Amino acid sequence: MTTQNNDPVVVTGMGAVSPLGVGMDTIWQRLLAGKSGIVRNDRFDTSDFACTIAGLVPRKDTDSNGFDPLDFIDAKDIKKMDLFIQYGLAATEEALKQANWMPESEEDRAATATIIATGVGGSPIMAQTAVTIAEKGPRRLSPFTVPAFLANLAAGWVSIRYGFTGPIGAPVTACAASAQAIGDGLRLIHTGEAEVVVCGGAEGSVDPLSVGGFSASRALCTSFNDTPEQASRPFDADRAGFVLSEGAAILVIEKLSHAKARGATPLAILSGYGTSADAYHLTAGHPEGLGAQKAMRNALKMAELEPAAIDYVNAHSTSTSVGDSAEIAAIAGTFAGRGKDLMVSATKSATGHLLGAAGALEAAFSVKALMDGMVPATLNLENPDAAADQFDLVPKVAKKKPLRHVLSNAFGFGGVNASLIFSKAE
């Protein structure tokens, strides 16, 4: 399957909620300015936890560009959904408004697919439900308990709110989930099953269950509790684990001909997608990045591009030694012979790791990079890992550079690999 270059799939709308704020323009400007969204975790009492920091979506009462669910959701509905659904609805509203896609005909609604991924789903409500049963008994549970935490209900709420009756899905493939959601959307358009796809991911799992579980596996950073903004440091020799974060990002994609026919503005071309399995280890990628290489090469093949055509890689790198090293090995293997001419940065240094929503947020950053000719920096890069330093890691400060093609990676537990390629829209 190729990109059908005479009528490529394009991005026409984007929306996001992240630790850097609400709204793509705000998030992007703060990212380029080198702001960090990592803060002390005040979501719950962390006194017994090794990790006391997180990438929290700011509240509107403390940040004018923060999140208030009442801006997007009726008060009576908020209690029916966990945070990941709330974030997903907010990001979708922004994306659809930018795309100007609010179909009223049954035909257009049936031609619209909804693919919104998550890595964990509603773990805060699942954790609280266990406490409620233990302390008060099962009769005290809300009838909305299960619909509030089911992983597919971000997609379900979006579909119901806007009347989209096309294909619906929710990849749950750990931290590759939302990149796969975008790839699934691309395939639905290529096969003719949908004309427009609302795709991306949502996550809201900064809760005791997730923080405790990831801490037990020694995956979270515990070395910078007193200086949260320094904690996420991909490619740096002093990296010490990832920072758990939350948020959502949604893209609206469609064929160029469909966009032109209705007067929509293409933001970028979604030119390639590749995915693979490592079949190697539950939580670690192959040390040589073999599965990741396959995903990147598959994306290049679909886009009908040579490795030399890629100007910038938005790396998945989460700030773990094993993961970062495997990805650098994969990039080096895929882009053999490239050096400082290839820009490779990790925006998780500013946002932390949004788990199942990370791939979509970084895809949106890739589109913005193409649009503005700006490459976001890798923050906290004081002592670059020698293997990574073969590339331009864009340390600390964003760089201006005309871009034609950008590759965005997303990898997850279970050996899931996904790569997306975006190309500049003429």
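Our subject is the structure that appears above.
So, here's what we can say about the structure.

**Structural notes on the overall build of the protein chain**
Inference 1: When helices and strands are counted, the protein chain shows 14 helices and 15 strands.
Inference 2: For 426 residues, the compact-globule formula gives about 22 Å, and the C-alpha radius of gyration of the protein chain, at 20 Å, lands near that figure.
Inference 3: By its C-alpha atoms, the protein chain is 60 × 55 × 40 Å across when sized along the principal axes.
Inference 4: In the protein chain, which comprises 426 residues, the proportion classed as buried is 61%.
Inference 5: Considering only intrachain contacts with a sequence separation of at least 6, the fraction spanning at least 24 residues in the protein chain is 79%.
Inference 6: Here the protein chain displays about 16100 Å² of accessible surface, and carbon together with sulfur accounts for 53% of that area.
Inference 7: Mean positive and mean negative side-chain charge positions of the protein chain (35 and 45 charges, respectively) differ by 1 Å.

**Here's the deal with the side chain of T347**
Inference 1: For T347, the location among the structural elements is in the loop between β11 (343-345) and α13 (348-351).
Inference 2: Taking the relative accessible area as the measure of exposure, T347 reaches 0% and is therefore buried.
Inference 3: At 3.5 Å, the side chain of T347 and the side chain of N314 are in polar contact.
Inference 4: Apart from residues no more than four positions distant in its own chain, T347 is found in contact with L31, Y312, N314, E362, F365 and P376.

**Some words on helix α5 (residues 123-136)**
Inference 1: Taking 1.5 Å of rise per residue, the 14 residues of α5 would be expected to cover 20 Å, and the 19 Å separating its terminal C-alpha atoms lies within 8% of that figure.
Inference 2: Considered for burial, the residues of α5 that qualify are S123, I125, T129 and T132.
Inference 3: Buried residues along α5 sit in contact with α6 (145-149) and α9 (208-216).
Inference 4: Once α5 finishes, G137 follows within two positions and takes phi at roughly 95°, a positive value.

**A look at the side chain of N225**
Inference 1: Along the chain, the position of N225 falls in the loop between α9 and β8 (247-255).
Inference 2: Among the polar contacts listed, one links the side chain of N225 to the backbone nitrogen of T52, at a separation of 3.2 Å.
Inference 3: Among residues more than four places away in sequence, those in contact with N225 are R40, A50, C51, T52 and I53.

**Examining the nonpolar core**
Inference 1: Residues V197, L251, I253 and F422 are the most contacted members of the largest nonpolar core, which totals 58 residues.
Inference 2: At nine residues, helix α14 (residues 358-372) tops the list of elements feeding residues into this core.
Inference 3: Residues contacting F422, with those up to four places away along its chain left out, are V11, L251, I269, L270, S271, A363, S366, V367, L370, R404, H405 and V406.
Inference 4: In terms of nonpolar packing, the next biggest core, distinct from the first, is built from 32 residues, M81, F84, A91 and V196 among them.

**Side note on α14**
Inference 1: For α14, with 15 residues, the first-to-last C-alpha span of 21 Å sits near the 21 Å given by 1.5 Å per residue.
Inference 2: Within α14, 13 of the 15 residues are buried, which leaves the element mostly enclosed by the surrounding structure.
Inference 3: Trailing α14 by a residue or two, G373 shows a phi angle of about 65°, which is positive.

**Notes on the pattern of salt bridges**
Inference 1: What the rule picks out here adds up to 21 salt bridges.
Inference 2: One salt bridge connects R233 with D236, and the closest N-O pair in it is separated by 3.4 Å. Considered together, R233 and D236 belong to a single accessibility category, that of buried residues.
Inference 3: In this structure, R338 and D341 form a salt bridge, with 2.5 Å as the shortest nitrogen-oxygen distance.
Inference 4: Exposure remark for R338: the relative accessible area of 14% places this residue in the buried category.
Inference 5: Relative accessible area serves as the criterion here: at 41%, D341 is assigned to the partly exposed category.
Inference 6: The network of salt bridges with common partners includes D42, R59 and D61.

**Examining the packing of helix α1 (residues 24-32) against α14**
Inference 1: Across the interface, α1 lies against α14 with an axial gap of 11 Å and an inter-helix angle of 75°. Classified by the angle between their axes, α1 and α14 sit roughly perpendicular to one another. In this structure, α1 contributes M24, D25, I27, W28 and L31 to the contact, and α14 contributes A364, F365, K368, A369 and D372.

**Some points on the pairing of strand β7 (residues 196-203)**
Inference 1: Judged by how many residues are buried, β7 sits mostly within the fold: eight of eight residues are covered.
Inference 2: As paired elements, strand β5 (residues 112-117) and β7 share six bridges and run parallel to each other. Across the sheet, residue A117 finds its bridge partner in β7, namely G201.
Inference 3: Bridge analysis of β7 against β8 gives eight bridges, and the strand direction is antiparallel. Bridging across to β8, V197 finds its partner in I253.

**Comments concerning the packing of aromatic side chains**
Inference 1: Tallied over the full model, the rule gives seven aromatic pairs.
Inference 2: Note on W28 and F365: the rings are 6.2 Å apart at their centroids and 35° apart in plane angle, and the pair reads as tilted. Linking W28 in helix α1 with F365 in helix α14, this pair joins segments that are 337 residues apart in sequence. Like W28, the residue F365 is buried in the burial classification.
Inference 3: Relative to Y87, the ring of F67 has its centre 5.0 Å away and its plane inclined at 75°; by these criteria the two rings are edge-to-face.

**A word on unusual backbone geometry**
Inference 1: Phi angles above zero are rare outside glycine, and N100 is one such case at about 55°.
Inference 2: Positionally, N100 belongs in the loop between α3 (83-99) and α4 (106-110).
Inference 3: Phi at N380 takes a positive value of approximately 60°, unusual for a residue other than glycine.
Inference 4: Tracing the backbone through its elements, the reader meets N380 in the loop between β12 (374-375) and β13 (399-400).
Inference 5: Relative accessible area serves as the criterion here: at 13%, N380 is assigned to the buried category.

What counts and how
Residues numbered from 1 in each chain as written. Predicted model: local features only at pLDDT ≥ 70, side-chain atom pairs only at ≥ 80, totals over all residues. Heavy atoms only, no water. Helix = DSSP H or I, 4+ residues; strand = E, 2+ residues; numbered from the N terminus. Rg over C-alpha atoms; globule rule 2.2 N^0.38 Å. Buried < 20%, exposed > 50% of the residue type's maximum accessible area, 1.4 Å probe, protein only. Contact = heavy atoms within 4.5 Å. Areas by Shrake-Rupley, 256 points an atom, 1.4 Å probe, with all protein chains shown as cover. Lys, Arg positive; Asp, Glu negative; His and termini not counted. Charge placed at Lys NZ, Arg CZ, Asp CG, Glu CD. Polar contact = N/O pair within 3.5 Å; in protein donor to acceptor, adjacent residues only side chain to side chain. Expected span 1.5 Å × (residues − 1). Core = buried A, V, L, I, M, F, W, Y, C linked by side-chain atoms within 4.5 Å. Salt bridge = Lys/Arg side-chain N within 4 Å of Asp/Glu carboxyl O. Axes fitted to C-alpha atoms, helices over the stretch in contact; angles between N-to-C directions. Parallel < 35°, antiparallel > 145°, perpendicular 65-115°, else oblique. Pairing = 2+ DSSP bridges. Phe/Tyr/Trp six-rings, centres within 6.5 Å; stacked < 30°, edge-to-face > 60°.

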